[in-house]
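Descriptive analysis of the structure
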Amino acid sequence: MKRIGVVIPSITDDLQTQLLDGIFKTASAADCDVIVLTTMTNGLEFHVQSEIMDGEESIYCLLERAALDGVLIASQYFVKESVRRMISEKIRRTGIPCIDLGGSSLGFETVSVPQDDAVYELTCHLIEKHGCRELMFLAGHEGNPDSEQRMSGFLRAVNEHNCTHEIFYGDFWKMRAEELGNELIHHKRKCPDAVVCANDIMAVTLCDVLQKGGINVPGDIIVTGFDGHIIAISNFPSITTIGGIMSETGRAGTEKLLRISGGMPVPDSGNDLHIIYGASCGCVEKMTDYQTAALQVREQIRRDTEVSDMLEMRINADVITRASAVESLSELTDIVDQTAHIIKSYRSLHLCILPDWDSEPEQPDICRTKPYPGQMLCAVTKEAWKDGKSGSLFPTSQIVPMLAKPHEPVLLILLPLHAASQVFGYCGFVYEKAADFKASVMLFNLLSSVANGLRILRHRLYAEYLQKTVEEASMYDKMTDMLSKKGLLLYLENQEQTSRNKGIMLVTIAMLTASPNNMSSSIMTDNVLQSELLLANAIRLISGRKYQTARLDKRTFAIVFSLEEETPEYYAEELMIQLEVLIRKMQEGSAAAFLPEPYYVCGEVSYPAEKCLSELWESLSSSMPAEKGFTGISQLKKLRREIHKAPELDWSLSVLAKRLNISKSYVQKLYKEHFGVSYIDDLLEARIGMAKKLLLTTDLRVSEVASSCGYQNATHFMRQFRAKTGMSPSEYRERQ
């Protein structure tokens, strides 16, 4: 049986699902398997290449190991050019045929689906049924092949019917659609009977802008789109659009690939583009009833989503907790077997890990990354709602063992199994159809928990290795797998030989505060134990490869880090922010009645290490508040960290004064003295900083950005933004 590989990043969009659906339907009809290599993230151009991205992109290394007869690459969905180039180089090294579904920029053959007839039919519908005589076409970029095809169908229809028409070049995104809408609202351009848009994003944006400006759709003007995207179908009013383009692209690409790869002849099955009639052209009767029903459905979906999210949080918390405490590979695979039901609609699951995942115990953070070895270990294979089975070694070229046996054509989606850049293998899910796959939080957390479980097992092996090679029996703390005090001292003494400077911070639990989830009291010893484990887990999660950690006593921990260009205080403050965020996130999925309030001291590692550690310990003991709760400057610093983490909250002098139990004027005085800036200016800086980030990384409207940053009035936000940056929010977004 032939195998077609599909290379596509994080499948989070309805159009991507339609593309896979077209591929699989065509391939399965030709008795071919479809193997999808994908990820859970899709890095942006301005993102620095991180260890997590390295781990995600490791899945594409399978291109050089898997036995594939051809490859389809959806290059249009890869944001980073460097990733596109890396993948294309791997494909060329294999020598297998490749079709680029996103264009010809990578030098592969491509396909084009005729689109003009569908737009012609839609335009004729507007003219003949709805009596439109003055029409406008909102195109994509000038010269874009897809836009030109769609425009030609529009022009053919209006010319045949002798209609007045105009072309307005857009950008396949929101900016130009908003400009056109505002020009129509303010009568800078004559309002036509209908606007035919070259894609759904522009159609939805134009529809929203017009309706907010008092122009009714479809009462005053008709708006149509192209793509059949879920955002158009679920909009109010629903957008009349043309569906089937992505499934047709998948079909055409698969047919062409099968022909050039020497497969069985595949007849051209024709073009399946079709009009999806919606309310934006007036083809939905009883608009009032339709609106009421649409709003009810949307509200029900929102409520169902909230309930589902709460359930997911509870299940995820359980999976993460169990996976972080495993002591063997079989225990970890049992967890996968018992909890895989949280992934919806899959037919079978195949967990494939590197056969040498547990080798070199003296280097727990080193693991093979690329290329994949000639053999993989099938740790567990499982059909939905049936008990899983452990497997054995198999050739990596088979991808998963089931493909070596007689079977019906399958849609197999492969995702990387990694902890940061530490790659452990991949996990394959077989689905009946493309729409069954969902890149959900549940899926992400299951894969992350399994990878972290393997990483923890490697660290356990490391602990055992140290126990066998080091004379002291107490080198490691058994409960947390962190270094003990003796182990930390030995580690620091060994670091004396390196040229890199080290910083160290001691973190302890100064007090317990009631958590928002449970304000009632319980047995104090249990609360203390829960808080110690919560802090220990948070420290362990942020440690990774960058830091060495130790447990010095029941509630006091040490973190050792490399000093680059900043002071120990700088790195320690950053670590504290990460710890506080993690502690609260972890607590959300538990029933802990109390949260640990961490307190720390820090400094540069000096030698002898025992003296350095003793001095830090003495400083910690003498400076830590004796009474319950932080007071004075320590509490003020903590409040400032909270402000900068969540500037959108309703911060006021009254809130700060109440938290510190001092007057508002004294709060202002302390804030200015210790931070060199007034409270209100600091809050403003934090909110403007958050606004800049949202403007650059989201497509939220300016009013939505203002609301997300804690502003009740968008005009006030824009005035403050201009005062701080010298430009409006819209100008800032356009210039970056």
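Cut-offs used in this document
- Residues numbered from 1 in each chain as written.
- Predicted model: local features only at pLDDT ≥ 70, side-chain atom pairs only at ≥ 80, totals over all residues.
- Heavy atoms only, no water.
- Pairing = 2+ DSSP bridges.
- Helix = DSSP H or I, 4+ residues; strand = E, 2+ residues; numbered from the N terminus.
- Contact = heavy atoms within 4.5 Å.
- Axes fitted to C-alpha atoms, helices over the stretch in contact; angles between N-to-C directions.
- pLDDT = per-residue confidence, 0-100.
- Buried < 20%, exposed > 50% of the residue type's maximum accessible area, 1.4 Å probe, protein only.
- Phe/Tyr/Trp six-rings, centres within 6.5 Å; stacked < 30°, edge-to-face > 60°.
- Lys NZ or Arg CZ within 6 Å of the ring centre and 35° of its normal.
- Parallel < 35°, antiparallel > 145°, perpendicular 65-115°, else oblique.
- Salt bridge = Lys/Arg side-chain N within 4 Å of Asp/Glu carboxyl O.

Describing the sheet that holds strand E12 (residues 346–353)
- Spatially, the 10 strands line up as an open sheet ordered E5-E4-E3-E1-E2-E15-E16-E12-E13-E14, and their pairing is mixed. One side of each edge strand has no neighbouring strand; the edge strands of this open sheet are strand E5 (109–110) and strand E14 (393–395).
- Bridge count for strand E2 (residues 32–37) against strand E15 (residues 411–419) is 4 bridges, and the pairing is parallel. Bridge pairing links Val 34 to Leu 411 in E15.
- Relative to E2, helix H1 (residues 14–29) is tilted by about 155°, and along the sheet it contacts strand E1 (2–7), E2, strand E3 (70–73) and E15.

Focus: the confidence of the model for the chain
- For the chain, per-residue confidence averages 84 on the pLDDT scale, and 85% of positions sit at 70 or higher.
- A low-confidence stretch, residues 513–526 (pLDDT under 50), is modelled with 27 contacts involving residues beyond four sequence positions or located in other chains.
- Predicted confidence for residues 627–631 stays below pLDDT 50, and this span has 10 contacts to residues more than four positions away or in other chains.

Quick word on the sheet that holds strand E9 (residues 222–224)
- Strands sit in the order E7-E6-E8-E9 across an open sheet of 4 strands; the sheet is parallel. Lying at the two open borders of the sheet, with one neighbouring strand each, are strand E7 (164–169) and E9. Across this sheet, the average inter-strand angle for adjacent strands is 15°, counted without regard to direction.
- Of the strand pairs in this sheet, strand E6 (residues 134–139) and strand E8 (residues 194–197) are connected by 4 bridges, and their pairing is parallel.

Side note on unusual backbone geometry
- The linkage connecting Phe 236 with the following residue, Pro 237, adopts the cis geometry, with an omega of 0°.
- Within the secondary structure layout, Pro 237 lies in the loop between helix H8 (230–233) and strand E10 (241–243).
- The phi angle at Ser 345 is positive, at roughly 70°, despite the residue not being glycine.
- Take Ser 345: its relative accessible area is 46%, and that puts it in the partly exposed class.
- The phi dihedral of Ile 399 falls on the positive side, at around 75°, and the residue is not glycine.
- Along the chain, the position of Ile 399 falls in the loop between E14 and E15.
- Overall, the relative accessible area of 0% leaves Ile 399 in the buried class.

A look at the packing of aromatic side chains
- Applying the stated criterion to the full structure yields 14 aromatic pairs.
- Geometrically, the ring pair formed by Phe 429 and Tyr 431 is tilted, given 6.5 Å between the ring centres and 35° between the ring planes.
- Judged by centre distance (5.6 Å) and plane angle (80°), the rings of Tyr 431 and Phe 437 are edge-to-face. Considered together, Tyr 431 and Phe 437 belong to a single accessibility category, that of buried residues.
- A connected cluster of aromatic rings, assembled from ring pairs, spans Tyr 346, Phe 429, Tyr 431 and Phe 437.
- Here the basic side chain of Arg 92 rests over the ring of Phe 108, its NZ or CZ set 4.3 Å away from the ring centre.

Examining the packing of helix H20 (residues 679–697) against helix H22 (residues 714–725)
- Running from amino to carboxyl end, H20 crosses H22 at an angle of 95°, the nearest separation of the two axes being 11 Å. For the element pair H20 / H22, the angle class is roughly perpendicular. Two secondary-structure elements touch here, H20 through Leu 684, Glu 685, Ile 688, Ala 691, Lys 692 and Leu 695 and H22 through Phe 717, Gln 720, Phe 721, Lys 724 and Thr 725.

What about the environment of Glu 166?
- Relative to the elements of secondary structure, Glu 166 occurs in strand E7.
- Exposure remark for Glu 166: the relative accessible area of 28% places this residue in the partly exposed category.
- C-alpha of Glu 166 to C-alpha of Glu 134: the two residues are 32 residues apart in sequence and 8.3 Å apart in space.
- With sequence-adjacent residues up to four places away left out, Glu 166 is seen in contact with Leu 135, Met 136, Phe 137, Phe 154 and Arg 189.

A look at the pattern of salt bridges
- Tallied over the full model, the rule gives 27 salt bridges.
- Put simply, Asp 116 and Arg 156 hold a salt bridge, and the shortest N to O gap is 3.8 Å. Taken together, the residues Asp 116 in helix H4 (residues 116–128) and Arg 156 in helix H5 (residues 145–160) connect sequence positions 40 residues apart.
- The partly exposed category is assigned to Arg 156, whose relative accessible area is 30%.
- Among the salt bridges present, the one from Lys 190 reaches Glu 134, with a minimum N-O distance of 3.1 Å. Residue Lys 190 is located in the loop between helix H6 (175–185) and E8, and its partner Glu 134 is located in strand E6; the two are separated by 56 residues in the primary sequence.
- The exposure class assigned to Lys 190 is exposed, which follows from its relative accessible area of 60%.

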